[in-house]
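# An overview of the molecular structure
Below are the chains, spelled out letter by letter.
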Amino acid sequence: EPEVTQTPSHQVTQMGQEVILRCVPISNHLYFYWYRQILGQKVEFLVSFYNNEISEKSEIFDDQFSVERPDGSNFTLKIRSTKLEDSAMYFCASSVRGSGELFFGEGSRLTVL
Amino acid sequence: EDQVTQSPEALRLQEGESSSLNCSYTVSGLRGLFWYRQDPGKGPEFLFTLYSAGEEKEKERLKATLTKKESFLHITAPKPEDSATYLCAVHDPGSSNTGKLIFGQGTTLQVKP
């Protein structure tokens, strides 16, 4: 069964460092998303990406964040100058039609020290 | 403010003891309500989509129903493998992006053998 894969599964970084989280969405999906979940809190939307551009971003997704689809298969989330409050589980998701039926990856746990 | 509220926060059942989880929503102009299952340390897994009051969907021991103000996830004769956190989500009504979901905080279900 096709699945969304994410790497790394866990990354520890120092405050102020840059991190890149990688995702390979399901191959025939056209809509891509990043969500995050701070420990004990709700899953929250960060950004959506369609047709090689950001279609929407949340208030959380400020200039510190960027997304890219560099090669037609990977979908990356870059966080510049990480802060302690960026510590969370980051989920990549994709969908065929841009509906709420999202296929999530297993997540990348980011710990900022 | 648009909200999705789930109750109870946690539920412990004996194997075979049926129960229901509640999801109340206050969004205006519902364009879809979604149920997801999340296992510890994993990404959410899509279960159901409901669009209109009176609609029902079933999958194995799970049945989701929808009214104008809330949705229920009924679990019939649960088994230990049904233990997980069940998340409810709705389309963000302020967005034309139908992949942008607002999640509830989830109900953590534990089924004991």
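See above for the structure.
One structure accompanies this document, and this report is about it.

### A few points about the interface of chain B and chain A
How big an interface is tends to be stated in terms of accessible area lost as the parts join. The interface of chain B with chain A comprises 20 residues on the first partner and 19 residues on the second. Taken as a group, B:Asn97, B:Lys100 and B:Phe103 account for 27% of the area that chain B buries against chain A, more than any other trio of residues on that side. Linking chain B with chain A are two salt bridges. Elements represented by at least two residues in the side of chain B that touches chain A include exactly strand 4 (33-38), strand 9 (84-91) and strand 10 (101-103) of chain B. In terms of residues, the side of chain B that touches chain A owes the most to one element, strand 4 of chain B, which gives three residues.

### Considerations on the nonpolar core
In this structure, B:Leu33, B:Trp35, B:Leu73 and B:Tyr86 are the most contacted members of the largest nonpolar core, which totals 23 residues. Looking at this core element by element, the count peaks at four residues for strand 9 of chain B. Residues contacting B:Tyr86, with those up to four places away along its chain left out, are B:Gln6, B:Leu21, B:Trp35, B:Tyr36, B:Arg37, B:Leu47, B:Leu62, B:Leu73, B:Gly106, B:Thr107 and B:Leu109. Formed by 22 residues, the second largest nonpolar core is a distinct cluster that contains A:Val19, A:Phe32, A:Ile38 and A:Phe61.

### Here's the deal with the side chain of B:Gln38
Mapped onto the elements of the fold, B:Gln38 is located in strand 4. At 3.1 Å, the side chain of B:Gln38 and the side chain of A:Gln37 are in polar contact. Those residues in contact with B:Gln38 that sit more than four places away from it in its chain are A:Gln37, A:Phe91, B:Gly43, B:Pro44, B:Ala84, B:Thr85 and B:Leu87.

### What to know about the packing of aromatic side chains
Tallied over the full model, the rule gives 14 aromatic pairs over all chains. Considering the side-chain rings of A:Tyr35 and B:Phe103, the 5.9 Å spacing of their centres and the 90° angle between planes classify their relative orientation as edge-to-face. Of this pair, A:Tyr35 sits in strand 4 (residues 31-37) while B:Phe103 sits in strand 10, on two different chains. With respect to class, A:Tyr35 is no different from B:Phe103; both count as buried. Ring geometry for A:Phe49 against A:Phe75: centres 5.2 Å apart, planes inclined by 45°, an arrangement best described as tilted. Pair noted here: A:Phe49 is in strand 5 (residues 43-50) and A:Phe75 is in strand 8 (residues 75-79), with a separation of 26 residues, a long-range link. Judged by relative accessible area, which is 6%, A:Phe49 ranks as buried. According to the relative accessible area criterion, A:Phe75 is buried, its value standing at 0%. Three or more aromatic residues joined by ring pairs form one cluster here, namely A:Tyr33, A:Tyr35, A:Phe45, A:Phe91, A:Phe104, B:Tyr36, B:Phe46 and B:Phe103.

### Details of the environment of A:Ser95
All names here are of chain A. Counting through the fold element by element, Ser95 comes out in strand 9 (residues 88-95). Separated by 62 residues in sequence, Ser95 and Tyr33 place their C-alpha atoms 8.6 Å apart. Setting aside anything within four residues of it in sequence, one finds Ser95 in contact with His29, Leu30, Tyr31, Tyr33, Glu101 and Leu102.

### Here's the deal with the pairing of strand 8 (residues 70-75) of chain B
Residues and elements named next belong to chain B. Only one face of strand 8 is buried: it carries Ser71, Leu73 and Ile75, and the other face, with Glu70, Phe72 and His74, is open. Sheet analysis places strand 3 (residues 19-25) next to strand 8, joined by six bridges and oriented antiparallel. Residue pairing across strands places Ser20 opposite His74, the latter belonging to strand 8. Relative to strand 8, strand 7 (residues 62-66) runs antiparallel, the two sharing five bridges. Bridge pairing in strand 8 places Ala64 opposite Leu73.

### Let's talk about the state of the cysteines
In protein chemistry, a disulfide is the covalent bond that joins the sulfur atoms of two cysteines. Throughout the structure, instances matching the rule amount to two disulfides over all chains. The disulfide partner of A:Cys23 is A:Cys92, and the gap between their sulfur atoms is 1.9 Å. Taking the torsion about the S-S bond as the criterion, the A:Cys23 to A:Cys92 disulfide, at about -65°, is left-handed. Linking A:Cys23 in strand 3 (residues 19-24) with A:Cys92 in strand 9, this pair joins segments that are 69 residues apart in sequence. Of the residues examined, A:Cys92 reaches a relative accessible area of 0% and is grouped as buried. With a sulfur-sulfur separation of 1.9 Å, B:Cys23 is cross-linked through a disulfide to B:Cys88.

What counts and what doesn't
Residues numbered from 1 in each chain as written. Chains lettered and ligands numbered in written order. Predicted model: local features only at pLDDT ≥ 70, side-chain atom pairs only at ≥ 80, totals over all residues. Heavy atoms only, no water. Contact = heavy atoms within 4.5 Å. Buried area = accessible area lost by both parts, 1.4 Å probe. Salt bridge = Lys/Arg side-chain N within 4 Å of Asp/Glu carboxyl O. Helix = DSSP H or I, 4+ residues; strand = E, 2+ residues; numbered from the N terminus. Core = buried A, V, L, I, M, F, W, Y, C linked by side-chain atoms within 4.5 Å. Buried < 20%, exposed > 50% of the residue type's maximum accessible area, 1.4 Å probe, protein only. Polar contact = N/O pair within 3.5 Å; in protein donor to acceptor, adjacent residues only side chain to side chain. Phe/Tyr/Trp six-rings, centres within 6.5 Å; stacked < 30°, edge-to-face > 60°. Pairing = 2+ DSSP bridges. Disulfide = S-S within 2.5 Å.

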